[in-house]
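Okay, here's what each chain looks like letter by letter:
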Amino acid sequence: ALNTLTSPAAQGRPIMIAGYSFGAMIAAELTSWLTDRGIPVTKLLLIDPDPLDSDVPAWNPRTSHMSAPQAVVFSPGSAAARQLDNEMSEVAVLLQAAYLNSTIRLPSTPVAWVQSRGIAEKYPHARTLFGTPIAQIDRTRLDLGHFDIVEIPGVHQLATWLDRELSAPKST
């Protein structure tokens, strides 16, 4: 992916990065990594980040809902399934360490955030998102549960938000 982003064909094309749930933390970290290396990211789209910030310690990699992608099918207990589980656990532990040590921060890239009612209710006292005051972030709320936001009929509301964000004039 990095080769594609740095190829001559990609020069001048806008790069937008999006992440859903735990993936929003990964998207924020990837955006920071790219911008630190001089690869401009036009916008970071955060889709219902969970967790919100390290001052709300509610996430544990051993009890989280992270699982193997649904498109990958392994026999329960197979060597491949155990290897994937171990690798995901290692990544989760590394990201948890960064999260709990407050090293994940929103980059200077423009950020748009859609938040479900479910996550708003889960973190009612949150004041920051990855170190940035929530009041400083362009946030849209949807009256949906966390998982409903990516399922029918909630996905229509999410698609409307994404369409608006992707067609919005470039922020500076």
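Model, not experiment: these values are computed from the prediction.

Enquirer: Could you give an account of the overall build of the protein, with specific residues and numbers?
Expert: The helix and strand inventory of the protein stands at five helices and six strands. Counting the 172 residues in the protein, one finds 40% classified as buried.

Enquirer: Mind laying out the pattern of salt bridges, listing which residues take part and the relevant values?
Expert: Following the criterion strictly, the structure yields four salt bridges and no others. Of the charged contacts, one joins K122 and D50 as a salt bridge, the two residues approaching to 2.9 Å between their closest N and O atoms. Remark: D50 occurs in the loop between β2 (43–47) and α3 (79–100) and K122 occurs in helix α4 (residues 117–122); sequence separation between them is 72 residues. The exposure class assigned to K122 is partly exposed, which follows from its relative accessible area of 44%. Between R164 and E165 there is a salt bridge whose closest N-O contact spans 3.9 Å. A single salt-bridge network, built from bridges that share partners, covers K43, R164 and E165.

Enquirer: Which residues make up the confidence of the model for the protein, and what are the values?
Expert: Per-residue pLDDT for the protein has a mean of 77; in total, 68% of the residues score no lower than 70. Between residues 56–74, whose pLDDT stays under 50, and residues either more than four places distant or in other chains, the model counts 33 contacts.

Enquirer: I'd love a proper account of the sheet that holds strand β3 (residues 111–116), names of residues and values included.
Expert: Ordered in space as β1-β2-β3-β6, the four strands form an open sheet in which the pairing is parallel. Each having just a single partner strand, β1 (16–20) and β6 (138–142) make up the two edges of the open sheet. When strand polarity is set aside, the average angle formed by the axes of neighbouring strands in this sheet is 15°. Pairing analysis gives five bridges linking β1 to β2, with the strands arranged parallel. When the sheet's bridge partners are listed, Y20 is paired in β2 with I47. The sheet contacts of helix α2 (residues 22–36) involve β1 and β2, and relative to β1 the element is tilted by about 155°. Contacts from helix α5 (residues 154–167) reach β1, β2, β3 and β6, with the element oriented near 170° to β2.

Enquirer: Tell me about the nonpolar core, and name the residues and values.
Expert: Ranked by internal contacts, the top residues of the largest apolar core, which has 24 residues, are L44, L46, L106 and L129. The set of elements that each furnish at least two residues to this core consists of α2, β2 and β3. Ranked by residue count, the leading element in this core is α2, at six residues. If we skip the residues at most four places from it in the chain, L46 touches G19, A24, L106, V111, A112, W113, V114, L129 and W161. Residues L45, V114, L142 and W161 belong to the second largest nonpolar core, which totals nine residues.

Enquirer: Please set out α2 residue by residue, giving values where relevant.
Expert: Taking 1.5 Å per residue, 15 residues should reach 21 Å; α2 reaches 22 Å between its end C-alpha atoms and fits that length. Those residues of α2 lying buried are F22, A24, M25, A27, A28, T31, S32 and L34. Directly after α2, the chain includes G38, whose backbone phi takes a positive value near 80°.

Enquirer: So what's going on with α5? Residues and values would help.
Expert: Here α5 spans 20 Å end to end across 14 residues, near enough to the 20 Å set by a 1.5 Å rise per residue. Among the residues of α5, those classed as buried are G154, L158, W161 and E165. With its buried residues spanning 65° around the axis, α5 presents them on a single face. Summarising the geometry of α5, the exposed residues directed more than 90 degrees from the buried face are H156, D163 and S167. Looking at the packing, one finds that the buried side of α5 touches β2, β3 and β6.

Enquirer: An account of the pairing of β3 is needed here, citing residue identities and associated values.
Expert: Across the six residues of β3, six count as buried, placing the element largely inside the fold. A two-sided burial pattern is seen for β3, the buried positions comprising V111, W113 and Q115 on one face and A112, V114 and S116 on the other. As defined by bridge partners, β2 adjoins β3 across four bridges and the pair is classed as parallel. The residue bridging L45 from the neighbouring strand is A112, located in β3. Note that β3 and β6 share five bridges and pair parallel. Directly across from V114, in β6, lies its bridge partner T140.

Criteria and thresholds
- Residues numbered from 1 in each chain as written.
- Predicted model: local features only at pLDDT ≥ 70, side-chain atom pairs only at ≥ 80, totals over all residues.
- Heavy atoms only, no water.
- Helix = DSSP H or I, 4+ residues; strand = E, 2+ residues; numbered from the N terminus.
- Buried < 20%, exposed > 50% of the residue type's maximum accessible area, 1.4 Å probe, protein only.
- Salt bridge = Lys/Arg side-chain N within 4 Å of Asp/Glu carboxyl O.
- pLDDT = per-residue confidence, 0-100.
- Contact = heavy atoms within 4.5 Å.
- Pairing = 2+ DSSP bridges.
- Axes fitted to C-alpha atoms, helices over the stretch in contact; angles between N-to-C directions.
- Core = buried A, V, L, I, M, F, W, Y, C linked by side-chain atoms within 4.5 Å.
- Expected span 1.5 Å × (residues − 1).
- Arc of directions from axis to C-beta.

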